[in-house]
Amino acid sequence: MSKSPNILLPALGVTGIVLGGAYGLMTRGYKADEAELARAQAQAAQAQLVEQQAMASDLKTQIALVQDTAKAKIAELEARPVVSASLTAPAPERDGAFGLGREALPEEIAAWDVDVLPDGRGLPVGTGNAYDGEELFADKCAACHGDFAEGVDNWPVLAGGFDTLGDEDPVKTVGSYWPHLSTVYDYVYRSMPFGEAGTLSPDETYAIVAYILYSNDLIDDEFELTNENLGAFEMPNKDGFVIDDRPETEYAAWSTEPCMSNCKEEVTVTMRSVFLVNTPEDGGSESVMNNATVDGLPSFSASGAAFIPEPEAKPEPEVQVAAVEAPVDESAALIKAGEKVFKKCKACHEVGAGAKNKSGPQLNALMGRTIGGIDGFKYSNAFNAAAEEGRVWDEASLSEFLAKPKAYMKGTKMSFSGLKKEKDLEAITAYLASFAE
Amino acid sequence: MDEMHKPSRRAFLRGGAAIAAGTVAGGASAQSADPLITDVQEWASITGVGVDETPYGMPIEFESHVVRRNVEWLTASPISSINFTPIHALEGTITPQGCAFERHHSGAIEMRKEDYRLMINGLVDKSLVFTYADLERLPRENHVYFCECAANTGMEWAGAQLNGVQFTHGMIHNMEYTGVPLRALLNEAGLSAAGDLKDKWVYVEGADASSNGRSIPMEKALDDVLVAFKANGEALRMEHGYPVRLVVPGWEGNMWVKWLRRVEVSDSPTESREETSKYTDVLEDGTARKWTWVMDAKSVITSPSPQMPITHGKGPLVISGLAWSGHGQITRVDVSKDGGITWETARLGKQGDTKALTRFYHDVDWDGAPMLLQARAMDETGYVQPTKEQLRDTRGENSVYHNNCIQTWYVNAEGIAENVEVS
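Residues numbered from 1 in each chain as written. Chains lettered and ligands numbered in written order. Predicted model: local features only at pLDDT ≥ 70, side-chain atom pairs only at ≥ 80, totals over all residues. Heavy atoms only, no water.

**Regarding the sheet that holds strand S6 (residues 162–163) of chain B**
As a general point, the strands of a sheet are linked pairwise by backbone hydrogen bonds and lie either parallel or antiparallel.
Here comes step 1: The 3 strands lie next to each other as S7(A)-S6(A)-S6(B), forming an open sheet whose pairing is mixed. Taken across any chain shown, the strands that pair with only one partner, and hence form the sheet edges, are strand S7 (286–289) of chain A together with S6 of chain B.
Here comes step 2: Where strand S6 (residues 275–278) of chain A and S6(B) come together, 2 bridges link them in parallel fashion. In the strand pairing of S6(B), Phe275(A) is matched with Leu162(B). (Pairing = 2+ DSSP bridges. Helix = DSSP H or I, 4+ residues; strand = E, 2+ residues; numbered from the N terminus.)

**Some remarks on the side chain of Glu271(B)**
Residue and element names in this part refer to chain B.
Here comes step 1: Note that Glu 271 resides in the loop between strand S13 (260–266) and strand S14 (281–282).
Here comes step 2: Classification of Glu 271 as buried rests on a relative accessible area of 5%.
Here comes step 3: Reaching out from Glu 271, the side chain makes a polar contact with the side chain of Lys 290 at a distance of 2.8 Å. (Buried < 20%, exposed > 50% of the residue type's maximum accessible area, 1.4 Å probe, protein only. Polar contact = N/O pair within 3.5 Å; in protein donor to acceptor, adjacent residues only side chain to side chain.)

**Description of the interface of chain B and chain A**
Here comes step 1: The partner chain A presents 109 residues to the 121 residues of chain B that form the contact.
Here comes step 2: Surface buried jointly by chain B and chain A totals about 9200 Å² across both partners, of which 56% is contributed by carbon and sulfur atoms.
Here comes step 3: For the interface between chain B and chain A, the tally reads 12 salt bridges.
Here comes step 4: Here chain B and chain A share 58 residue pairs in polar contact (both at pLDDT 80 or more) between them.
Here comes step 5: The dominant element in the side of chain B that touches chain A, judged by the number of residues it contributes, is strand S24 (residues 417–422) of chain B, at 5 residues.
Here comes step 6: Its residues assigned to classes, the side of chain B that touches chain A shows 44 nonpolar, 40 polar and 37 charged. (Contact = heavy atoms within 4.5 Å. Buried area = accessible area lost by both parts, 1.4 Å probe. Salt bridge = Lys/Arg side-chain N within 4 Å of Asp/Glu carboxyl O. Nonpolar A, V, L, I, M, F, W, Y, C, P; charged D, E, K, R; others polar.)

**Considerations on the state of the cysteines**
Here comes step 1: Counted according to the given criterion, the structure contains 1 disulfide over all chains.
Here comes step 2: Note that Cys259(A) is cross-linked by a disulfide to Cys263(A), the S-S spacing being 2.1 Å. When the S-S torsion is -100°, as for the bridge of Cys259(A) with Cys263(A), the disulfide is left-handed.
Here comes step 3: Residue classification places Cys259(A) among the partly exposed residues on the basis of a relative accessible area of 35%.
Here comes step 4: No disulfide involves Cys149(B); its sulfur sits 8.1 Å from the nearest other cysteine sulfur, which is in Cys147(B). (Disulfide = S-S within 2.5 Å.)

**Regarding the packing of aromatic side chains**
Here comes step 1: Counted by the stated rule, this structure contains 27 aromatic pairs over all chains.
Here comes step 2: Grouping aromatic residues by their ring pairs yields a cluster made of Phe377(A), Tyr379(A), Phe383(A), Trp393(A), Phe401(A) and Tyr408(A).
Here comes step 3: Residue placement shows Lys172(A) over the ring face of Tyr177(A); its charged tip is 5.2 Å from the ring centre.
Here comes step 4: The ring of Trp343(B) has Arg376(B) sitting right over it, with the charged end atom 4.1 Å from the ring centre. (Phe/Tyr/Trp six-rings, centres within 6.5 Å; stacked < 30°, edge-to-face > 60°. Lys NZ or Arg CZ within 6 Å of the ring centre and 35° of its normal.)

**Section: helix H8 (residues 181–191) of chain A**
Here comes step 1: Most of H8(A) sits out of view: 11 of its 11 residues are buried.
Here comes step 2: Residues of H8(A) that are buried include every one of Leu181(A), Ser182(A), Thr183(A), Val184(A), Tyr185(A), Asp186(A), Tyr187(A), Val188(A), Tyr189(A), Arg190(A) and Ser191(A), and no others.
Here comes step 3: Where H8(A) is buried, its residues meet helix H9 (202–215) and strand S3 (225–226) of chain A together with strand S8 (201–206) of chain B.

**Comments concerning the nonpolar core**
Here comes step 1: Counting 65 residues, the largest nonpolar core has Leu118(B), Tyr177(B), Leu185(B), Leu186(B), Val202(B) and Leu260(B) as the members making the most contacts within it.
Here comes step 2: In this structure, Leu118(B) is in contact with Leu128(B), Val129(B), Phe130(B), Leu135(B), Leu185(B), Val227(B), Leu260(B), Arg261(B), Arg262(B) and Val263(B), ignoring residues within four places of it in sequence.
Here comes step 3: Listed in part, the 43 residues of the second largest apolar core include Ala130(A), Ala142(A), Ala149(A) and Val174(A). (Core = buried A, V, L, I, M, F, W, Y, C linked by side-chain atoms within 4.5 Å.)

**A word on the packing of H8(A) against H9(A)**
The angle between the axes and the distance between the axes are what describe a pair of packed helices.
All names here are of chain A.
Here comes step 1: For the pair H8 and H9, the least separation of the axes is 10 Å and the interaxial angle reads 130°. One finds that H8 runs oblique with respect to H9. Every pair of crossing elements has a handedness; the one defined by H8 and H9 is right-handed. Residues Leu 181, Val 184, Tyr 185, Val 188 and Tyr 189 of H8 form the contact with H9, whose own contacting residues are Pro 202, Thr 205, Tyr 206, Ile 208, Val 209, Ile 212 and Leu 213. (Axes fitted to C-alpha atoms, helices over the stretch in contact; angles between N-to-C directions. Parallel < 35°, antiparallel > 145°, perpendicular 65-115°, else oblique. Left-handed = near helix turned anticlockwise from the far one by under 90°.)

**Considering the environment of Ser285(A)**
Here comes step 1: By the element assignment, Ser285(A) lies in the loop between S6 and S7.
Here comes step 2: Apart from residues no more than four positions distant in its own chain, Ser285(A) is found in contact with Val277(A), Asn278(A), Pro280(A), Asn70(B), Val71(B) and Phe167(B).
Here comes step 3: Of note is the side chain of Ser285(A), whose polar atom sits 2.7 Å from the backbone oxygen of Asn70(B).

**Concerning the sheet that holds strand S23 (residues 408–411) of chain B**
Here comes step 1: In spatial order, the strands read S5(A)-S24(B)-S23(B)-S22(B)-S18(B)-S19(B); together these 6 strands make up an open sheet with antiparallel pairing. Among the strands making up the open sheet, the edge pair consists of strand S5 (269–272) of chain A together with strand S19 (344–345) of chain B.
Here comes step 2: Sheet topology places strand S18 (residues 330–336) of chain B next to S19(B); 2 bridges connect them, and they run antiparallel. Its bridge partner lying in S19(B), Asp334(B) is registered against Thr345(B).

**Here's the deal with unusual backbone geometry**
Leaving glycine aside, a negative phi is the common case for residues, and trans is the common case for peptide bonds.
Here comes step 1: Looking along the chain, the bond that leaves Tyr242(B) and enters Pro243(B) is cis, with omega of 5°.
Here comes step 2: Here Pro243(B) lies in the loop between strand S11 (234–235) and strand S12 (245–247).
Here comes step 3: Put simply, Ser303(B) and Pro304(B) share a cis peptide bond, and its omega is 0°.
Here comes step 4: For Asp163(A), which is not glycine, the phi dihedral falls at a positive 60°.
Here comes step 5: The exposed category is assigned to Asp163(A), whose relative accessible area is 76%.
Here comes step 6: Unusually for a residue other than glycine, Lys355(B) sits at a positive phi of about 55°.

**Things to note about the pattern of salt bridges**
Here comes step 1: Scanning the model with the defined rule gives 43 salt bridges over all chains in all.
Here comes step 2: Between Asp334(B) and Arg332(B) there is a salt bridge, with the nearest N and O atoms lying 3.0 Å from each other.
Here comes step 3: Taking relative accessible area as the criterion, Asp334(B) reaches 0% and is therefore assigned buried.
Here comes step 4: Here Arg332(B) falls in the buried class, since its relative accessible area comes to 18%.
Here comes step 5: One salt bridge connects Glu397(B) with Arg392(B), and the closest N-O pair in it is separated by 3.9 Å.
Here comes step 6: Under the relative-accessibility criterion, Arg392(B) is labelled buried at 19%.
Here comes step 7: When salt bridges that share partners are traced, they join Asp113(A), Asp115(A), Asp186(A), Arg190(A), Glu205(B), Arg261(B), Arg262(B) and Glu264(B) into one network.

Quick look at the structure:
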């Protein structure tokens, strides 16, 4: 591209640089300006060359060269399309299709097209009641949602919360918030149970949905929910939604020329961050309550902060001790690595001092424990069977279980897909083994 | 190695002290020669790492703090959870994939391209199945778009909560996507069967266990929605939907279905879980807005911010931030240092991108006095980013989603910034 100016440069000196400038313009976006500039610069180049003519008549041919190059440049710039913000021109379309893809078979569509519309279209034939649903719910849902759909830990509450939507802390449940029953069926059938999605039969799904309605006091335990009546079932909050009205309620009011100066008399800090957030080296974050108050902070006016407060008392900085090479202790390192891996388990399991059952059993003294052996914890049938057989956890069985939980313990409620890395398995096993008590 | 040549901690501290002293004086002046210059450093003497040491390079260890981070107590399980982009430590506009926030409903799945199938069905002339290889044969486009979770800044409705722009505003990323317009795929299946397209919808659904699904009006589906298979020049990351995700420019991130497996043309919205029980915005009276798809104009100062204190004392200070709008281009960003009494117009880093992050800068001389830093974005529609007060007056405090308020950082005389609310 830049061949001709390079050739001209040594011969023309200053003129060549001017032309080089015109060349540099190529990289800019505004072709009309560029063309104009290039034209002006070509003229300047020409004027200079005219001056030099008397001293070197053979420059004439070179002037012609410069002019030709400049003309070519102008033509090139003018021929360039206007550059827009998009990175590519729109993809070309064809009147007909490209003929790509193949026709979907009916059984393929049937397998994937299972979403249910509010009027009940898409529901498979089936029936279920809360009486049957209760047992299914206890077995498949209660680990996270609680026996009475009241929610465990941070998992969703499914029942109650009526008349709280306007409160300071609304409780949005299936009963209090969801506008369509179709959504419950659709979601449970396709996406639940968590970690075992797509395993419920239509009848099981109708029964679980009926149980959720029952725990919201919306039906009695004999009500048969079917594909015939589900679409017509009216949820309490069916009229609780309005379609996005921001264009009317907000956009017009918030699209006026904004204030630039003396917009307020005075500004004060009314609230400081509730949490300070530490960011440890090994990832994640730690939220710590912020005890600082707004007392002692300056107010602000158009002339800035009213005063400069004394520095707030800070905790003594930790003394940085030169890192001493720690004695190599492989098992300690492995346990430490295991602690990190355990983060994946923490949502459902506790281990260590005071560990309690959460949606999964507590894991103290796991090695040597009977599989499914914590009294009072609701295990899946697979675990109960293992307990009856008297099987116990050891490093080998635990490692095999955690590599592929659902393969090792078919029917487990643990919604974890497994640890793929051998070193993670070693580490987690070592970590859990370290809690002997 | 010769003791003199070791880059010792003492020497490093000496060098740092000299610089700090110079700053106070108003212009840098060294009191003693900087050993980083006068001593031959190890890196200037011995050889470095050879090529191919890391066939796919990672950031240097000194940047290992620039990572996505979660706030564990926000959700019940990391498998159905979210983390935050370290926007405080990034510059420019493009988010590297490796630190772009993740949001999963049933965890990120590993799917091979060979196992990928995309079905187009419903009110189409011919239901079709595409393989990944099929998608690569359709004309493709490249576009830079932001993806913001509707819950970004959601914690802050009830007050200043989390001290860090990564945590208040980090549910956002901005990438250059390569993909096929959704309209091209719909055209392959044929839309004659759908009749009048005005009141039609597409329902889009993912292949993971959550099979997250959302309804999108046909008008949007035929406009700028992309079926994307590359981001920032390389394959999508697993956590962002490898091998194929939907890109719905300017609209809430939940609609950008990952592991896209099905697009169904229908005559009504599905009203799935994620568009009824979630991603609807409860107002003060208990009614809720639904179909609030567009992410309104928003901006935030990324530095200084709680994770990016001013460490250099008074003098030249670069205030850097991000602005974006789901309605189109950012046309202006104003910055206030006094909590909104006085505003000055910032310099936009790059103009012309639509529904993409815009970087802005405000270059000031800091006098060392406390500041209340704010940024306020305007987009091509003339919309001005609202204050928290304006939002609360209209919506109350329980909307969870779509909080695009003006953010305030209190910067004290030591340069430390904190998330605050102001009168």
